[in-house]
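Remarks on the overall topology
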Amino acid sequence: MNLFADIRSTVITCLEAMTAEGILPEGLDFANVAVEPPRDASHGDMATNAAMVLAKPAKAKPRDIADALAAKLAADPRIAGVEVAGPGFLNLRLNANVWAGVVKAALSDPAFGKSTLGADKKINVEYVSANPTGPLHVGHTRGAVFGDALASLLDYAGYDVTREYYINDGGAQVDVLARSVYLRYLEAHGQEVTFEDGTYPGEYLIEAGEALKAKVGDAYIDKGEQYWLEDVREFGTDAMMQMIRDDLASIGVKMDVFYSEKSLYGTGRIEAAIKDLDDKGLIYRGTLEPPKGKLPEDWEAREQTLFKSTDFGDDVDRPIQKSDGAWTYFAPDIAYHFDKVTRGFDELIDVFGADHGGYVKRMKAAVAALSGNSVPLDIKLTQLVKLFKNGEPFKMSKRAGTFIMLRDLVEQVGSDVTRFHMLTRKNDAPLDFDFDKVTEQSKDNPVFYVQYASARVHSVLRKAAEAGIDTSDLAAADMALAASEAELTLAAKIAEWPRLVEIAAKGHEPHRIAFYLYDLASEVHALWNRGNDDVSLRFLQEDDVPASQAKIALIRAASVVISHGLGILGVTPAEEMR
RNA sequence: GGACCGUUAGCUCAGCUGGAUAGAGCGCUGCCCUCCGAAGGCAGAGGCCAGAGGUUCGAAUCCUCUACGGUCCGCCA
């Protein structure tokens, strides 16, 4: 149940009646009529802009429409009062029993907050997609957490979600990986090796080298690349992907599909995708203009095969074949997205690091061309994570061995803290991550603050049990016994949850969930604190079981919503603090 | 030279896609906490929403230009 949507449809019904009565002209568009929580509590529980939006097309004064609409709305049993305010806003006050209904719904309806917005549409969320050449580091972590929370959010909002990882196992970097594994293999056989430029010196390959030795013995020693490269490439890629899967699992990310770039080669899939574009007249041979400004030193004009991405908003056409006829990386990317389209997804989302910002336009152009503009592609960029220790910037250096890996984060601060904190910022804003502050148990730490609210509610439930108060059917409580202004404020915040889910899902912005949870937790704490001064606001009322049950029902509803929200973020709700 | 992202309180950031007097935390100032729910609570000060134009009943939000910061810029993956 979405209270705001319910009231909005009531407003629309009233407007339609006004049209029928001739108060409003025929054919008005009500799409922009909104029912929202007011910014200022003194403006009541909800506000609608209907009169102002419609004044111009209806050629009427906002006040006149507002007065007529107010009279109709006042007849609704849920609405306790209607006022015309400001330039023509209608402020609505709701009956207390409406809030009681919200609390009961949150307690008894497991789908409270879930939405049908997605209408079961198939949506593909591609994220992480790190090269299979090593373990995941901090930068990947943000993309992993963001993409995963976004996928969960869309699932909650009624989409049929597929979580997908694209394995870049088709390019030169996996050859580099193979040679590096080979060196570790020689090392495992007791040879002295040196890691020159163009190889990966990371120690994480030692294990792979030993595993290779265990598998093939000395078969590859003193042999040329042609004997072992292909096999070691596959062996190394598999080992790295296993490592990456373990990393992802440690932070609660589980993909539905791992899609191999290599599987596109030699199978005609790239050719098929390019042919689709060619059939649409979007492929041609040509020469690109040199880039403006600083000219690369070895620049020279060359004819190559180009995709006419400028037809779809890109700045220049993009090469899909090198001058020697080999595919550029862009060609398999096109084929991969073509495959997503042909698999029947209604919408696509790619989550990239900010350094890939330059590829957004060409990918969108490709998907628009391949799908005939029928499949929207949204690309979300995650900005850098700036690490701190004790407030001091922490510089990462591969050479000094201070490069922070995902597993370091999980070991030091845990999955829950990492995930929540990474979602306390918009994806396109840089994020500060302080190892010490994120684990601090204080009000200043949003992770702790939200968890503490959840724990407090469970603490009350435990105390209620000790006092012999039955809390097995809180939805049946008489909510009139928890209807003070302070208590209704919390109920109103709970009522915003379903609406917030839809806003966050529409915008592909999971951080809104984290901010909402903070606000909701804040209301829980505020109510708790008021119990210090005002005994009537305490959750456990001595010798008054029905009142206790009503008050517990209220905060229990809040904790249920916190659980739902944390679930979307992939964070385990706390039942007690330690 | 160009593209993309950003610019909101001293600091770190929200701002529900165009609504009412722009919010939160930290920091700051003041008050409260011997006990029954203080790993604190309440209140206050603090803003030309980077700047300038434009769109309209109405702009932090949309458009144009400018300034500053970040990312990126022919076959690299």
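Source: prediction; values computed, not measured.

Here is what the cut-offs are and how they apply
- Residues numbered from 1 in each chain as written.
- Chains lettered and ligands numbered in written order.
- Predicted model: local features only at pLDDT ≥ 70, side-chain atom pairs only at ≥ 80, totals over all residues.
- Core = buried A, V, L, I, M, F, W, Y, C linked by C-beta atoms within 7 Å.
- Buried ≥ 20, exposed ≤ 12 C-beta atoms within 10 Å, placed from the backbone.
- Helix = DSSP H or I, 4+ residues; strand = E, 2+ residues; numbered from the N terminus.
- Contact = placed C-beta atoms within 7 Å.
- Arc of directions from axis to C-beta.
- Domains from an automatic or database assignment.
- Nonpolar A, V, L, I, M, F, W, Y, C, P; charged D, E, K, R; others polar.
- Axes fitted to C-alpha atoms, helices over the stretch in contact; angles between N-to-C directions.
- Parallel < 35°, antiparallel > 145°, perpendicular 65-115°, else oblique.
- Left-handed = near helix turned anticlockwise from the far one by under 90°.
- Pairing = 2+ DSSP bridges.
- Near = placed C-beta within 6 Å.

Some details on the nonpolar core
In this structure, Val 102, Val 103, Leu 153, Val 181, Ile 494, Leu 554 and Ala 558 are the most contacted members of the largest nonpolar core, which totals 156 residues. Here this core gets 14 residues from one element, more than from any other, and that element is helix H18 (residues 545-569). Look past the residues within four positions of Val 181 in its chain and what remains in contact with it is Leu 205, Ala 208, Gly 209, Leu 212, Val 232, Phe 235 and Gly 236.

Points about helix H2 (residues 50-58)
For H2, every residue scored as buried is listed here: Ala 50, Ala 51, Val 53 and Leu 54. Taken end-on, H2 shows its buried residues confined to a sector of 160°, consistent with a single buried face. Turning to H2, the residues buried within the fold contact helix H1 (3-20), strand E2 (46-48), helix H3 (62-73) and strand E4 (89-94). Of the residues one or two after H2, Lys 59 is the one with positive phi, at around 50°.

Here's the deal with the domain arrangement of chain A
Under the domain assignment used here, chain A contains domain 1 (3-94), domain 2 (172-250) and domain 3 (446-569). Computed from C-alpha coordinates alone, the two centres of domain 1 and domain 3 are separated by 30 Å. In this complex, domain 1 contributes four residues to the contact, which on the side of domain 3 involves four residues. Grouping the amino acids of the side of domain 1 that touches domain 3 by side-chain chemistry returns three nonpolar, no polar and one charged.

Comments concerning the packing of helix H17 (residues 511-533) against H18
Two numbers describe how H17 lies on H18: the axes approach to 10 Å, and their chain directions differ by 160°. Classified by the angle their axes make, H17 and H18 are roughly antiparallel. Crossing angle aside, the handedness with which H17 passes H18 is left-handed. In this structure, H17 uses Ile 513, Ala 514, Tyr 516, Leu 517, Leu 520, Ala 521 and Val 524 to contact H18, whose residues at the interface are Ile 555, Ala 558, Val 561, Ile 562, Gly 565, Leu 566, Ile 568 and Leu 569. Among the residues making up the contact of H17 with H18, the classes are represented as 14 nonpolar, one polar and no charged.

Considering the sheet that holds strand E11 (residues 347-353)
Sheets are built from strands paired through backbone hydrogen bonds, the pairs being either parallel or antiparallel. The strand order across the open sheet built from five strands is E7-E6-E5-E11-E12, with neighbouring strands paired in parallel fashion. Of all the strands in the sheet, the pair left with one neighbour each is strand E7 (257-260) and strand E12 (377-382). Along the sheet, successive strands turn relative to each other by an average axial angle of 25°, direction set aside. When strand E5 (residues 122-126) meets E11, the two strands line up parallel, connected through four bridges. Across the sheet, residue Val 125 finds its bridge partner in E11, namely Ile 349.

Some points on the environment of Leu 348
Here Leu 348 lies in strand E11. Using a count of 24 C-beta atoms within 10 Å as the deciding quantity, one classes Leu 348 as buried. When sequence neighbours within four positions are dropped, the list of residues in contact with Leu 348 reads Asn 124, Lys 340, Val 367, Val 375 and Leu 377.

With respect to unusual backbone geometry
Unlike most non-glycine residues, Ala 119 shows phi in positive territory, near 50°. Residue position: Ala 119 is located in the loop between helix H4 (96-108) and E5. The backbone phi angle of His 508 is positive, close to 55°, even though this residue is not glycine. Position of His 508 relative to the elements: it lies in the loop between helix H16 (497-507) and H17.

Thoughts on the protein's contact with RNA strand B
With respect to spatial proximity, 65 residues lie near RNA strand B, and among them Ala 47, Gly 171, Lys 322, Gly 358 and Trp 528 are the closest. Here the element with the most residues in the surface near RNA strand B is H17; it accounts for eight residues.

Description of helix H7 (residues 206-216)
Spacing of three or four residues puts side chains on the same side of an α-helix, whose turn is 3.6 residues. For H7, the full list of buried residues reads Ala 208, Gly 209 and Leu 212. Buried residues of H7, seen end-on, are gathered within an arc of 100° and therefore sit on one face of the element. As for H7, its buried residues are in contact with helix H6 (172-188) and helix H8 (225-250).

Some details on the packing of H16 against H17
When two helices pack together, their arrangement is captured by the angle between the axes and the distance separating the axes. The geometry of H16 relative to H17 is characterised by a closest axis approach of 8 Å and an angle of 155° between their N-to-C directions. One element, H16, and the other, H17, form an angle in the roughly antiparallel class. Residues Leu 500, Ile 503 and Ala 504 of H16 pack against Arg 512, Ile 513 and Tyr 516 of H17. Split into classes, the residues belonging to the contact of H16 with H17 amount to five nonpolar, no polar and one charged.

Details of the environment of Gly 344
With respect to the helices and strands, Gly 344 occurs in the loop between helix H10 (330-342) and E11. Taking the C-beta count within 10 Å as the criterion, Gly 344 has 9 such neighbours and is therefore assigned exposed.

Quick notes on the sheet that holds strand E14 (residues 392-393)
Strand order in the open sheet made by the three strands is E14-E13-E15, with mixed pairing throughout. The open sheet terminates on both sides in strands that have one partner only, identified here as E14 and strand E15 (431-434). Relative to E15, strand E13 (residues 385-389) is paired through four bridges, and the arrangement is parallel. Within E15, the position partnered with Lys 386 by the bridge is Asp 432.

Some thoughts on the pairing of E4
Within E4, five of the six residues are buried, which leaves the element mostly enclosed by the surrounding structure. Where E2 and E4 come together, three bridges link them in antiparallel fashion. The partner of Met 46 across the bridge, within E4, is Leu 92. The pairing of strand E3 (residues 79-85) with E4 spans six bridges and is classified as antiparallel. Pairing of Glu 83 across the sheet is with Asn 91, part of E4. The hairpin turn running from E3 into E4, its antiparallel successor, is three residues long, and Gly 86 in that turn takes a positive phi close to 55°.

Some thoughts on the environment of Asp 324
As for its position among the elements, Asp 324 is in the loop between strand E10 (318-319) and H10. In this structure Asp 324 comes out as exposed when scored by C-beta crowding, with 7 C-beta atoms within 10 Å. On a C-alpha basis, the gap between Asp 324 and Glu 303 in space is 9.9 Å, while along the polypeptide they are 21 residues apart.

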